[in-house]
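Report on the structure
Next come the chains, spelled out residue by residue.
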Amino acid sequence: MENKIAWEKYPEGNKREEVFQFAENYRKFISDCKTERACVTFFVEKAEKAGFVNLEKVIAEHTALKAGDRVYANNMGKGMALFVIGKESMEKGMNILGAHIDSPRLDLKQDPLYEDTDFAMLDTHYYGGIKKYQWVTLPLALHGVIAKKDGTVVKVNVGDKPGDPVFGVSDLLIHLSGEQLEKKAAKVIEGENLDLLIGSIPMQTEDEKVKEKVKANIMNLLSKEYGIEEEDFLSAEIEVVPAGEARDYGFDRSMIMGYGHDDRVCAYPSFEAMLVSENPEITSVCLLVDKEEIGSVGASGMQSRFFENTVAEVMAAAGSYSELALRRALANSKVLSSDVSAAFDPNFPSVMTKRNTAYFGKGLVFNKYTGSRGKGGSNDANAEYIGKLRNIMDTNEVSFQTAELGKVDQGGGGTIAYILANYGMNVIDSGVPVLNMHAPWEIISKVDLYEAYRGYIAFLKEA
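Residues numbered from 1 in each chain as written. Predicted model: local features only at pLDDT ≥ 70, side-chain atom pairs only at ≥ 80, totals over all residues. Heavy atoms only, no water.

Some details on helix α11 (residues 446-462)
With 17 residues, α11 extends 25 Å between its outermost C-alpha atoms, agreeing within 8% with the 24 Å of an ideal straight helix rising 1.5 Å per residue. In terms of residue burial, α11 counts as a mostly covered element, since 13 of its 17 residues are buried. (Helix = DSSP H or I, 4+ residues; strand = E, 2+ residues; numbered from the N terminus. Expected span 1.5 Å × (residues − 1). Buried < 20%, exposed > 50% of the residue type's maximum accessible area, 1.4 Å probe, protein only.)

Structure, rendered in structure tokens:
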């Protein structure tokens, strides 16, 4: 089956300008929000301006939720869930857009700062699935928080503001890399060699007890800037991410190159679709989670009880909670697990089958299953559910396509879909195709982003 290029629906003029304006707003978002904490801060601020109320306030004030009310829950500053209460009882289910807001990166270790041959370095541990060799010789930035013993939290953001210094991981010069180039790609750069170079000037001191003077100078600078001691790194979460803004890509500016498209390119249109959801028949939900790239574990990941507990609280505030009603609400829900798909790359055609591959410019992608090889670890959506979604998309003239994650036995991957499906929900993976997935700089098509937004709106309204 041949899918049309979605750009054809948006000729030059106002229609195309809408696509480009939505994409420009997204480009600014991923340029500024390079961590899950930054994403939640951004979304909370925008949600409150749009009339969403913190669930903690609803609970504290014993507010009774009714149809049309907007409420959100913040999960440790790393994830969140937004609800627009529907006219129907929540027991009949919810229409859920679920995406993750964490992305592959480098994390500082808990005891990261050291000196070696008059260089100050930061020790890192990579997060998620990366090709380690892609992270060397790039300008990198530091984003995150340092929690001090007195309870204060210091925000760190260095490398992206005008005039900021940047950091990086060095690589071996070509002239001495004979042995290195004989290694397999997975071994060219080892994980323990992804350490950050951050300084080289020694501290001026006559104190003979100071042996590592470059490290001491860096610590002196950090103390002046952030009021921290070296021990404060023990309770820090600092992420090392590519420095610089996302950029328009291509002469025609049809694409965006940026860090963190996986999966903020699905989280952003999911959130924006929630903002325009008003007085729905079925309760609309946008669920944004952390830790998907490492298995959805931890208190801020999809495998935690955060979402289930939040739904219970919302139902209680709406006067409809019971344990059985909660179970029914979860089981009767429908979900788009909004996550990216691998786009066909003409430079690497051998890993794809052209009939079952996602293409740039052909719209929102539905993956009936992901997993690996024999569909291992896959959700594998029901045919009846897919038929309903096809009708919704066609009725609303949303460009969409279906795909697999590469050839059988070639590899594979997963999303949060199977975790939500554990409740008995109807779930399918649905998102935007991406080139360079999990690389420091990924690429998406602006029109696919816009079709995802339109598709998510249609789903919340009609599923």
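Here we look at the nonpolar core
In this structure, Tyr26, Phe43, Leu82 and Leu336 are the most contacted members of the largest nonpolar core, which totals 60 residues. Counting residues per element, this core draws most heavily on α11, at 9 residues. (Core = buried A, V, L, I, M, F, W, Y, C linked by side-chain atoms within 4.5 Å.)

Quick look at the packing of aromatic side chains
Applying the stated criterion across every chain, the model contains 16 aromatic pairs. Their ring planes at 80° and their centres at 5.6 Å tell us that tyrosine 10 and tyrosine 450 sit as a pair that is edge-to-face. Taken together, the residues span a long stretch of sequence, with tyrosine 10 in the segment before α1 (14-32) and tyrosine 450 in helix α11 at a distance of 440 residues. Comparing tyrosine 10 with tyrosine 450 shows no difference in burial state: the two are buried. A cation over an aromatic ring shows up here: arginine 105 above the ring of tyrosine 127, its NZ or CZ 3.7 Å from the ring centre. The positively charged end of lysine 362 is found above the aromatic ring belonging to tyrosine 359, 4.9 Å away from the centroid. (Phe/Tyr/Trp six-rings, centres within 6.5 Å; stacked < 30°, edge-to-face > 60°. Lys NZ or Arg CZ within 6 Å of the ring centre and 35° of its normal.)

Some points on the pattern of salt bridges
Applying the stated criterion to the full structure yields 29 salt bridges. Glutamate 281 is the salt-bridge partner of lysine 87, the closest N and O atoms lying 3.6 Å from each other. Here the residue lysine 87 occupies a position in the loop between β3 (79-84) and β4 (94-100), and glutamate 281 occupies one in the loop between α6 (261-275) and β13 (283-289), the gap between them amounting to 194 residues. Judged by relative accessible area, glutamate 281 falls into the partly exposed class, the value being 41%. (Salt bridge = Lys/Arg side-chain N within 4 Å of Asp/Glu carboxyl O.)

Regarding a nonpolar patch on the surface
On the surface, Leu172, Leu173 and Leu176 cluster together into a nonpolar patch covering about 280 Å² of accessible area. Secondary-structure assignment places leucine 173 in the loop between β8 (153-158) and α4 (185-188). Of the residues examined, leucine 173 reaches a relative accessible area of 41% and is grouped as partly exposed. (Patch = residues over 30% accessible without salt bridge, like charges linked within 9 Å, V, L, I, M, F, W, Y side chains within 5 Å. Areas by Shrake-Rupley, 256 points an atom, 1.4 Å probe, with all protein chains shown as cover.)

Section: unusual backbone geometry
For residues besides glycine, phi is generally negative; the peptide bonds are generally trans as well. Each neighbour pair has its own omega, and for aspartate 262 with aspartate 263 the value is 15°, a cis peptide bond. Here aspartate 263 is to be found in helix α6. Phi angles above zero are rare outside glycine, and aspartate 118 is one such case at about 65°. If you trace the backbone, aspartate 118 turns up in the loop between β5 (105-116) and β6 (119-127). With relative accessibility at 52%, the residue aspartate 118 sits in the exposed group. Its identity is not glycine, yet asparagine 279 carries a phi of approximately 50°, on the positive side.

Concerning the environment of proline 104
Within the fold, proline 104 resides in the loop between β4 and β5. Along the backbone, proline 104 and valine 240 are 136 residues apart, and their C-alpha atoms lie at a distance of 9.8 Å. Sequence-distant contacts of proline 104, defined by excluding residues within four places in its chain, comprise Tyr127, Gly129, Ile130, Trp135, Tyr259, Asp262, Glu293 and His438. (Contact = heavy atoms within 4.5 Å.)

Some remarks on the side chain of histidine 261
Tracing the chain through its elements places histidine 261 in helix α6. Its relative accessible area of 0% is what places histidine 261 among the buried residues. Contacts of histidine 261, omitting those with residues within four sequence positions, involve Tyr26, Ile30, Ile256, Cys266, Val340, Glu442, Ile443 and Ile444.

Here we look at helix α8 (residues 323-331)
Among all positions in α8, only Ala325, Leu326, Ala329 and Leu330 are buried. Viewed along the axis of α8, the buried residues span an arc of 135°, placing them on a single side of the element. (Arc of directions from axis to C-beta.)

What about the packing of α6 against α11?
Taken N-terminus to C-terminus, the directions of α6 and α11 make an angle of 45°; their axes are 9 Å apart at the nearest point. By the angle between their directions, the pair α6 and α11 is classed as oblique. Handedness of the crossing formed by α6 with α11: right-handed. From α6, Val265, Cys266, Pro269, Ser270, Glu272, Ala273 and Met274 reach across to α11, where they touch Leu449, Ala452, Tyr453, Tyr456, Ile457 and Leu460. Counted by class, the contact of α6 with α11 contains 11 nonpolar, 1 polar and 1 charged residues. (Axes fitted to C-alpha atoms, helices over the stretch in contact; angles between N-to-C directions. Parallel < 35°, antiparallel > 145°, perpendicular 65-115°, else oblique. Left-handed = near helix turned anticlockwise from the far one by under 90°. Nonpolar A, V, L, I, M, F, W, Y, C, P; charged D, E, K, R; others polar.)

Examining the packing of α1 against α6
Interaxial distance between α1 and α6 falls to 11 Å at its minimum, and their mutual angle equals 125°. The orientation of α1 relative to α6 falls into the category oblique. Crossing handedness for the pair α1 and α6: right-handed. Between α1, through Phe22, Asn25, Tyr26, Phe29 and Ile30, and α6, the contact on the second element is made entirely by His261, Arg264, Val265, Tyr268, Pro269 and Glu272. Of the residues in the contact of α1 with α6, the class split is 7 nonpolar, 2 polar and 2 charged.

Here we look at the sheet that holds strand β10 (residues 236-242)
One open sheet accounts for 6 strands, arranged β8-β7-β10-β5-β6-β9; its pairing is antiparallel. Edge strands, defined here as strands with exactly one partner in the open sheet, are β8 and β9 (196-199). With direction set aside, neighbouring strand axes in the sheet form an average angle of 30°. Two strands pair when backbone bridges link them, and β5 and β6 are joined in this way by 8 bridges, in the antiparallel orientation. Along β6, the bridge assignment pairs tyrosine 114 with methionine 121. Its contacts with the sheet put helix α5 (residues 213-226) on β5, β6, β8 and β9, and the angle it makes with β5 is roughly 125°. (Pairing = 2+ DSSP bridges.)

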